[in-house]
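Notes for the structure review
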Amino acid sequence: MALLFDVHPDNPQVRLLKQAAQLLHKGGLAAIPTDSSYALVCHLDDKNAAEQLRRVRGVDEKHHLTLLCRDLSELANYAMVDNRQYRLLKSCTPGAYTFILPATKEVPRRLSHPNRRTIGLRVPDCVVTQALLAELGQPLLATTFIPPGEDDPLNDPDEILERFGHQLEAVVSMGACPREPTTVVDLTDGEPQLVRLGRGEPSRLGL
């Protein structure tokens, strides 16, 4: 059964986040809050954890997974962008946007889209998420926590624990958060293309 880490939304307890980070380092799955619903996350370099994440989420290898990053300084390791795209990213991060970008060779092929060699990247505007990423010391592999066969993301940690506690190692709770996914923007073909309208305001991207 998953461990529940109940943290303060503005001043999350470091000792609890350290424990959650340790479980992720060991290959565990966790549900964590973001600025746009809860996300299902695992360690970037753990193949088994990534496969389990897909099973719990009910998606195949063609579903874009996302790298949750602390800031754009980590961008160059995982995605290729030109100066114009970088300025666009900078204007909207942190925030409730997911950007689809060409993946670098640093991204394992099993994590990128099998046909397009692309990866999702996002910098969340959430104190708890940022603090957990700081403890982990690297990005997290993530997907919006939408249960299989459903359309709406989960935003209640108690519901997550009740429904998925036996499939997760941790639930990091700061109470309810927005129940709306990110706005997804494809930047792989030059001009931004709106893939999914979500919490992020598309007008900030000129869309």
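Residues numbered from 1 in each chain as written. Predicted model: local features only at pLDDT ≥ 70, side-chain atom pairs only at ≥ 80, totals over all residues. Heavy atoms only, no water.

1. Here we look at the overall build of the chain
Rules: Helix and strand definitions here come from DSSP, where helices need a minimum of 4 consecutive H or I residues and strands a minimum of 2 consecutive E residues; each element is numbered from the N-terminal end. The size measure is the radius of gyration over C-alpha atoms, and the globule rule it meets is 2.2 Å times the number of residues to the 0.38 power. The rule is simple: take the accessible area with a 1.4 Å probe, protein chains only, and divide by the maximum for that residue type; under 20% is buried, over 50% is exposed, in between is partly exposed.
Along its length, the chain carries 6 helices and 10 strands. Here the chain has a C-alpha radius of gyration of 16 Å; the compact-globule value for 207 residues is 17 Å, and the two agree. Principal axes of the C-alpha set define a box for the chain whose edges measure 45 × 35 × 30 Å. Taking all 207 residues of the chain together, the buried fraction comes to 55%.

2. Some words on the pattern of salt bridges
Note the following rule: Counted as salt bridges are all cases of a side-chain nitrogen of Lys or Arg within 4 Å of a carboxyl oxygen of Asp or Glu.
Counting across every chain of the model gives 5 salt bridges. Notably, a salt bridge pairs glutamate 135 with lysine 18, separated by 3.2 Å at the nearest N-O pair. Taken together, the positions of glutamate 135 in helix α5 (residues 127-136) and lysine 18 in helix α1 (residues 14-25) put the pair 117 residues apart, joining distant regions of the chain. Given a relative accessible area of 28%, glutamate 135 falls into the partly exposed group. Its relative accessible area of 41% is what places lysine 18 among the partly exposed residues. The salt bridge partner of arginine 163 is glutamate 150, with a shortest N-O separation of 2.5 Å. Within this pair, whereas arginine 163 is found in helix α6 (residues 157-164), its partner glutamate 150 is found in the loop between β7 (140-144) and α6, the two being separated by 13 residues in sequence. On the basis of relative accessibility, which here comes to 35%, the residue glutamate 150 falls in the partly exposed class. Connected through shared salt-bridge partners, Glu150, Glu159 and Arg163 make up one network.

3. Describing the environment of valine 195
The condition that has to hold: We call two residues in contact when some of their heavy atoms are within 4.5 Å.
For valine 195, the location among the structural elements is in strand β10 (residues 193-196). Discounting chain neighbours no more than four positions away, the residues touching valine 195 are Ile100, Val184 and Asp186.

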